[in-house]
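# Analysis of the macromolecular model
In case you want the letters, here they are:
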Amino acid sequence: MNVYIYQLLMAVCTGLLYFLNAAGMSIICSGMNVINFGQGAFYMFGTLLCYTLWNLTDNFFIALIGSVLIVGIVGGYCTEFLLRPLYGKPMLFQLLLTMGVGYVLQDFFKLAWGNKMISHSVPEIFDFRVPILGLKFPFYYIFLIILSSAICIAMLVIFLKTKIGMVFRAIITNREMVSCMGYNVKSLNSAMFIVGISLSALAGALNLPITGTGTTQESAVMSTAMSILIIGGITEIKGAFIASMLVGFVTTFGAMFLSQYYSMLPAVLMVLVLIIKPEGLCGKKQGN
């Protein structure tokens, strides 16, 4: 029973990390009406920068905050000088651009960090265990659950209860109307992109002491995030949360019972959802 409780807590932690990455991708997709195929590269960028800054400063929190800020700045330059000139053009141009950015970043990772796995030990401040339901659970995972849950709640409050959240939701529904009301939609789109990739960078940095990353794992990260978006509904943040938790449970317990095949379980789950409910668990049916 202790093994199942341990796996249950691990599934919650894994699902929340998946959600940070998928939510970032969902914000970009819903606000800018484009799927960022470079999202996995920004996730890896957060992991690799956190690793480097951690070694330089010997401080986990400086590395965590610094990596998110640097990735956000890079994302700001990408949206300002690369994406913004393509606003109003066919979506295919933006898709190809984000894909190209992902490839360029992945080659940069190989050049800067080499073709190898990158990982780090758990921060000393979190390197202890706490008793939960009769077993001792690593506190770093508890920290991840608390931090990720706080970010999830903050996102919901901002999007549902604040004026800026109302404007963002209006952009998703009718960007022309928001522009006519005097808001700079292009700048708001840039803000959405920066927030979206910063969330992915945060997820990558937090994952460094757990599984780390390789400089060639962009496609694996991207495929999991895409599976989650399709399962939950492409532009639905609530759906991304439900799908992330579902995929977290499936992969965690799948690794326990189907160790040779667990990595393909998100794709299998995605196919099942597409057969039963093509618009996703929380997606809305589109009119003919």
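Bear in mind that the values here come from a model prediction, so they are computed numbers and not experimental data. (Residues numbered from 1 in each chain as written. Predicted model: local features only at pLDDT ≥ 70, side-chain atom pairs only at ≥ 80, totals over all residues. Heavy atoms only, no water.)

Okay, the confidence of the model for the protein chain next. When pLDDT drops low, the exact placement of atoms in the prediction is not to be read closely. With 98% of its residues at a pLDDT of at least 70, the protein chain reaches an overall mean of 85. Between the elements of the protein chain, mean pLDDT differs from a low of 77, seen in helix 6 (residues 163-180), to a high of 93, seen in helix 2 (residues 39-57). (pLDDT = per-residue confidence, 0-100. Helix = DSSP H or I, 4+ residues; strand = E, 2+ residues; numbered from the N terminus.)

Time to look at the packing of aromatic side chains. In total, this model carries 22 aromatic pairs according to the counting rule given. Geometrically, the ring pair formed by Phe108 and Trp113 is edge-to-face, given 6.0 Å between the ring centres and 85 degrees between the ring planes. Ring-pair connections join several aromatic residues into one group, and the members of that group are Tyr6, Trp54, Phe60, Phe61, Phe126, Phe128, Phe137, Phe139, Tyr140, Tyr141 and Phe143. (Phe/Tyr/Trp six-rings, centres within 6.5 Å; stacked < 30°, edge-to-face > 60°.)

Taking 1.5 Å of rise per residue, 31 residues should cover 45 Å, and helix 1 (residues 2-32) covers 45 Å from first to last C-alpha, within 8% of that figure. Across the 31 residues that make up helix 1, a large majority, 24, are buried. Two residues or fewer past helix 1, Asn33 is found with a positive phi of approximately 60 degrees. (Expected span 1.5 Å × (residues − 1). Buried < 20%, exposed > 50% of the residue type's maximum accessible area, 1.4 Å probe, protein only.)

Counting through the fold element by element, Asn36 comes out in the loop between helix 1 and helix 2. A polar contact is formed between the side chain of Asn36 and the backbone nitrogen of Gly38, at a distance of 3.1 Å. Polar side-chain contacts of Asn36 include one of 2.7 Å to the side chain of Gln39. Apart from the residues lying within four places of it in its own chain, the contact partners of Asn36 are Met25, Ile28, Phe42, Thr98, Phe193, Ile197 and Met222. (Polar contact = N/O pair within 3.5 Å; in protein donor to acceptor, adjacent residues only side chain to side chain. Contact = heavy atoms within 4.5 Å.)

Looking now at the packing of helix 8 (residues 218-232) against helix 9 (residues 237-257). Orientation of helix 8 relative to helix 9, taken along the N-to-C sense of each, is 120 degrees, at an axis distance of 8 Å. Put simply, helix 8 runs oblique to helix 9. Here helix 8 and helix 9 pass one another in a crossing that is right-handed. Contacts from Ile228, Ile231 and Gly232 of helix 8 reach helix 9 at Gly239, Ala240, Ala243, Ser244 and Val247. Of the residues assigned to the contact of helix 8 with helix 9, the class counts are five nonpolar, three polar and no charged. (Axes fitted to C-alpha atoms, helices over the stretch in contact; angles between N-to-C directions. Parallel < 35°, antiparallel > 145°, perpendicular 65-115°, else oblique. Left-handed = near helix turned anticlockwise from the far one by under 90°. Nonpolar A, V, L, I, M, F, W, Y, C, P; charged D, E, K, R; others polar.)

Of all residues except glycine, most have a negative phi; of all peptide bonds, most are trans. Phi angles above zero are rare outside glycine, and Asp58 is one such case at about 60 degrees. Judged by its relative accessible area of 69%, Asp58 is exposed.

So, on to helix 2. Taking 1.5 Å of rise per residue, the 19 residues of helix 2 would be expected to cover 27 Å, and the 27 Å separating its terminal C-alpha atoms lies within 8% of that figure. With 14 of 19 residues buried, helix 2 is to be regarded as a mostly interior element.

Relative to the assigned elements, Ser67 resides in helix 3 (residues 60-83). Taking the relative accessible area as the measure of exposure, Ser67 reaches 0% and is therefore buried. Other than its neighbours up to four places away in sequence, Ser67 contacts Gly46, Leu49, Cys50, Leu53 and Ala205.

Leu20, Phe42, Phe60, Phe109, Met155, Phe193 and Leu206 are the most contacted members of the largest nonpolar core, which totals 86 residues. Considering every element that reaches this core, the biggest residue donor is helix 1, with 14 residues. Apart from the residues lying within four places of it in its own chain, the contact partners of Phe109 are Ala41, Met44, Phe45, Leu48, Gly114 and Thr215. (Core = buried A, V, L, I, M, F, W, Y, C linked by side-chain atoms within 4.5 Å.)

The next subject is a nonpolar patch on the surface. On the surface, a cluster of nonpolar side chains totalling about 1,200 Å² of accessible area is made up of Val3, Tyr4, Met256, Phe257, Leu258, Tyr261, Met264, Val268, Val271, Leu272, Ile275 and Ile276. Among the secondary structure elements, those contributing two or more residues to the nonpolar patch are helix 1, helix 9 and helix 10 (265-276). Examining the composition of the nonpolar patch, we find that five residues originate from one element, helix 10, more than from any other. Note on placement: Val271 falls in helix 10. (Patch = residues over 30% accessible without salt bridge, like charges linked within 9 Å, V, L, I, M, F, W, Y side chains within 5 Å. Areas by Shrake-Rupley, 256 points an atom, 1.4 Å probe, with all protein chains shown as cover. Salt bridge = Lys/Arg side-chain N within 4 Å of Asp/Glu carboxyl O.)

Let us now look at the pattern of salt bridges. Under the counting rule described, the total for this entry stands at two salt bridges. A salt bridge links Glu80 to Arg84; its shortest N-O distance comes to 3.7 Å. With a closest N to O distance of 3.3 Å, Lys277 and Glu279 form a salt bridge.

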